[in-house]
Amino acid sequence: MFNEIAFRIRHPYLSSRKKALIVPVRFHELRAHFIESNNLPQKFKVSPYLNLSLTSVLLEFVHISPAAWILLMTSANILYFLSGAILDATGYTGSVTTFMVAVFFSVAALFAVLQFFITLKMKSIFSHIINTKTWTDRAAFDESSEERSREQLNLFWGGAPHYII
């Protein structure tokens, strides 16, 4: 820790270059480890494989469950009922418009805050994986895959990646 701080003070330019290059270097480390651990040819293209894997996972996440549809319909019905109640009470359509605009901006603000926290969580997961280097540690790799999976799932809220998406 002390050596790292001393290096940053003595060599600020080199420290900033190191910080800029660490992610590409770690990506290539991950790539080499992935190829070696799965007995793949050295010319194996990891990026297209990752794109296909990501697409597959995202397609799984895009599926909207029946419970989500029911929640959406219930929310829409409650909003419609409240709009009707406001119109009935005031007799003025402008109050319904004001109510709907307020609901819209409130939900938008809620989603903006939610997005901020999800971004922080994903950055923390990424930095944990990059900084712990468990993917390069052969002893950690030889652990049971079930134990590694549990450890990775614990990085997410409630141990479920679905909460992020």
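The written sequence of each chain sets the order in which its residues are numbered from 1. Where local features are concerned, this predicted model is filtered to residues with pLDDT of at least 70; where side-chain atom pairs are given and counted, the filter is 80 or more; whole-chain, interface and lining totals use all residues. Note: side-chain values were computed over all heavy atoms of the structure, leaving out hydrogens and water.

## Focus: the overall build of the chain
And then number 1: What counts as a helix is a DSSP run of H or I of at least four residues, what counts as a strand is a run of E of at least two, and both are numbered from the N terminus. Helix and strand counts for the chain come out as seven helices and zero strands.
And then number 2: Across the chain, helices and strands are ordered from the amino to the carboxyl terminus as α-α-α-α-α-α-α.
And then number 3: Surface accessibility of the chain: about 13200 Å² in total, with carbon and sulfur atoms responsible for 68%. Per-residue and other accessible areas were derived by the Shrake-Rupley procedure at a 1.4 Å probe size, with only the shown protein chains allowed to occlude residues.

## Let's talk about the packing of helix H1 (residues 2–10) against helix H2 (residues 12–37)
And then number 1: Between N-to-C directions, angles span 0 to 180 degrees; the directions come from axes that are lines fitted to C-alpha atoms, helices contributing only their stretch in contact. Two elements in contact, H1 and H2, have axes separated by 5 Å at closest approach and are oriented at 115 degrees. Between H1 and H2, the residues in contact are Glu-4, Phe-7, Arg-8, Ile-9 and Arg-10 and Pro-12, Leu-14, Ser-15 and Lys-18, respectively. The contact rule is simple, with two residues in contact once any of their heavy atoms fall within 4.5 Å.

## Here's the deal with unusual backbone geometry
And then number 1: Even without glycine at this site, Asn-39 takes up a positive phi of about 50 degrees.
And then number 2: Topologically, Asn-39 is positioned in the loop between H2 and helix H3 (46–62).
And then number 3: Here Asn-39 falls in the exposed class, since its relative accessible area comes to 70%. Three labels apply to residues, based on accessible area from a 1.4 Å probe with only protein chains included: buried if under 20% of the type maximum, exposed if over 50%, partly exposed otherwise in between.

## Some points on helix H4 (residues 66–90)
And then number 1: Taking 1.5 Å of rise per residue, 25 residues should cover 36 Å, and H4 covers 36 Å from first to last C-alpha, within 8% of that figure.
And then number 2: A positive phi of about 75 degrees marks Gly-91, the residue just after H4. The span one expects for a helix is its residue count, reduced by one, times 1.5 Å.

## A short note on the confidence of the model for the chain
And then number 1: Of the residues in the chain, 86% have a pLDDT of 70 or more, and the chain-wide mean is 82.
And then number 2: Looking across the chain, the model is least confident in helix H6 (residues 138–141), with a mean pLDDT of 54, and most confident in H4, with 92. The predictor attaches a confidence to each residue, called pLDDT, with possible values from 0 through 100.

## Topic: the pattern of salt bridges
As a working rule, side chains carrying opposite charge can pair if their charged atoms are close by.
And then number 1: Here, a salt bridge means any side-chain nitrogen of Lys or Arg that lies within 4 Å of a carboxyl oxygen of Asp or Glu. Counted under the stated rule, the structure contains one salt bridge.
And then number 2: A salt bridge links Glu-29 to Arg-26, with the nearest nitrogen and oxygen atoms 3.6 Å apart. Of this pair, Glu-29 and Arg-26 both sit in helix H2, three residues apart, roughly one helical turn.
And then number 3: For Glu-29, a relative accessible area of 29% translates into the label partly exposed.
And then number 4: In this structure Arg-26 comes out as buried when scored by relative accessible area, which is 12%.

## What to know about the packing of H2 against H3
And then number 1: Where H2 contacts H3, the axes come no closer than 11 Å and their chain directions differ by 85 degrees. Classified by the interaxial angle, the pair formed by H2 and H3 is roughly perpendicular. Here H2 contributes Phe-27, Arg-31, Phe-34 and Ile-35 to the contact with H3, which in turn contributes Val-46, Ser-47, Tyr-49 and Leu-50.
And then number 2: Here the contact of H2 with H3 is built from residues that sort into six nonpolar, one polar and one charged. Each angle receives one of four descriptions, namely roughly parallel if under 35 degrees, roughly antiparallel if over 145, roughly perpendicular if within 65 to 115, and oblique otherwise. Following the grouping adopted for this structure description, the nonpolar residues are Ala, Val, Leu, Ile, Met, Phe, Trp, Tyr, Cys and Pro, the charged ones are Asp, Glu, Lys and Arg, and the polar ones are all others, Gly among them.

## Quick look at the packing of aromatic side chains
Both the distance between ring centres and the angle between the ring planes are used here to describe each pair of aromatic rings.
And then number 1: In this scheme Phe, Tyr and Trp rings, the latter by its six-membered ring, pair at centre separations within 6.5 Å, and the angle between planes marks the pair as stacked below 30 degrees, edge-to-face above 60, and tilted otherwise. Under the defined criterion, the tally for this structure stands at five aromatic pairs.
And then number 2: Judged by centre distance (5.2 Å) and plane angle (75 degrees), the rings of Phe-104 and Phe-105 are edge-to-face.
And then number 3: For the ring pair Phe-116 and Phe-117, a centre distance of 5.6 Å and an interplane angle of 70 degrees mean the geometry is edge-to-face.
And then number 4: Here Phe-117 falls in the partly exposed class, since its relative accessible area comes to 44%.
And then number 5: Members of the aromatic cluster, joined through ring pairs, are Phe-34, Phe-44 and Tyr-49.

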